Amino acid sequence: MHFFTATGGEKWSNNEGWMDETVPHCNWYGITCTDDGYVDKIDLEDNQLTGSIPSEVGLLSYLRELYLYSNQLTGSIPSEVGLLSHLTFLLLDFNQLTGSIPTEVGLLSYLISLGLSNNQLTGSIPTEVGLLSDLISLVLSNNQLTGSIPTKMGLLSGLSELKLSNNQLT
């Protein structure tokens, strides 16, 4: 429920089931669960989310996919995303996120796709991104990233999509 209030849930385009105590969380709009009832997917793209991503998202230890792109989310990406050890897709593109990319993304060893484009992210690309050996897609374009592209990214042998344009990278 904290996620709902932190992201302006009452004004979402679709918030079906979220504040109804009679509806199991696996039946809330945008939520998919495992057979055991653990949340493994949050798909709330283009749903008028506002506010910031709460750090409590890191408590969703079975989460595999997080789609929050095309909203109006602000604030920084919580470092607690690094606790999502099963995460394969992290798509936060087209928001108004600020701050730096947390180094903890390097802990997401199963990550296939990282999309953070079209935000207002600053700082450098963490060298830890080079540890994401399963990464296929890395989209960081249209931010305010600075510094050099980490040489460790050369280790990403499976990377087939890399978009870094419209930053201040050297």
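Structure's up top.
Residues numbered from 1 in each chain as written. Predicted model: local features only at pLDDT ≥ 70, side-chain atom pairs only at ≥ 80, totals over all residues. Heavy atoms only, no water.

Let's shift gears to the state of the cysteines. Applying the stated rule across the entire model yields one disulfide. The side chain of Cys26 participates in a disulfide bridge whose partner is Cys33; the two sulfur atoms lie 2.2 Å from each other. Handedness of the Cys26-Cys33 disulfide follows from its S-S torsion of about -100°: it is left-handed. Judged by its relative accessible area of 17%, Cys33 falls in the buried class. (Disulfide = S-S within 2.5 Å. Buried < 20%, exposed > 50% of the residue type's maximum accessible area, 1.4 Å probe, protein only.)

Next up on the list: the environment of Leu68. Positionally, Leu68 belongs in the loop between strand S3 (65–67) and strand S4 (89–91). Between the C-alpha atom of Leu68 and that of Leu44, which follows or precedes it by 24 residues, the distance is 5.3 Å. Setting aside chain neighbours within four positions, we find Leu68 in contact with Phe3, Ile42, Leu44, Glu45, Leu49, Ile53, Leu73, Leu91, Leu92 and Asn95. (Helix = DSSP H or I, 4+ residues; strand = E, 2+ residues; numbered from the N terminus. Contact = heavy atoms within 4.5 Å.)

What follows concerns the sheet that holds strand S6 (residues 113–115). Paired through their backbone hydrogen bonds, the strands of a sheet run either parallel or antiparallel. With mixed pairing, the seven strands of this open sheet are ordered in space as S1-S2-S3-S4-S6-S8-S10. The sheet is open, and its two edges are formed by strand S1 (31–33) and strand S10 (161–163), each paired on a single side. Averaged over all pairs of adjacent strands, the angle between their axes in this sheet comes to 15°, without regard to strand direction. Strand direction decides the pairing type here: strand S8 (residues 137–139) and S10, joined by three bridges, are parallel. Bridging from a neighbouring strand, Ser137 pairs with Glu161 of S10. (Pairing = 2+ DSSP bridges. Axes fitted to C-alpha atoms, helices over the stretch in contact; angles between N-to-C directions.)

Let us look at the pattern of salt bridges. Per the stated rule, a full pass over the model turns up one salt bridge. For the salt bridge of Lys163 with Glu161, the shortest nitrogen-to-oxygen distance reads 3.4 Å. (Salt bridge = Lys/Arg side-chain N within 4 Å of Asp/Glu carboxyl O.)

What follows covers the sheet that holds strand S7 (residues 120–123). Across the sheet, four strands lie side by side as S5-S7-S9-S11; this open sheet has parallel pairing. Edge positions in the open sheet fall to strand S5 (98–99) and strand S11 (168–169), since each of these has one partner strand only.

What follows covers the pairing of S7. On a regular strand, each side chain points to the face opposite its neighbour's, so the side chains alternate between the two faces of the sheet. Pairing analysis gives two bridges linking S5 to S7, with the strands arranged parallel. Its bridge partner being in S7, Thr98 is matched across the sheet by Gln120. Of the pairings in the sheet, the one linking S7 to strand S9 (residues 144–147) comprises two bridges and is parallel in character. Bridge pairing in S9 links Thr122 to Gln144.

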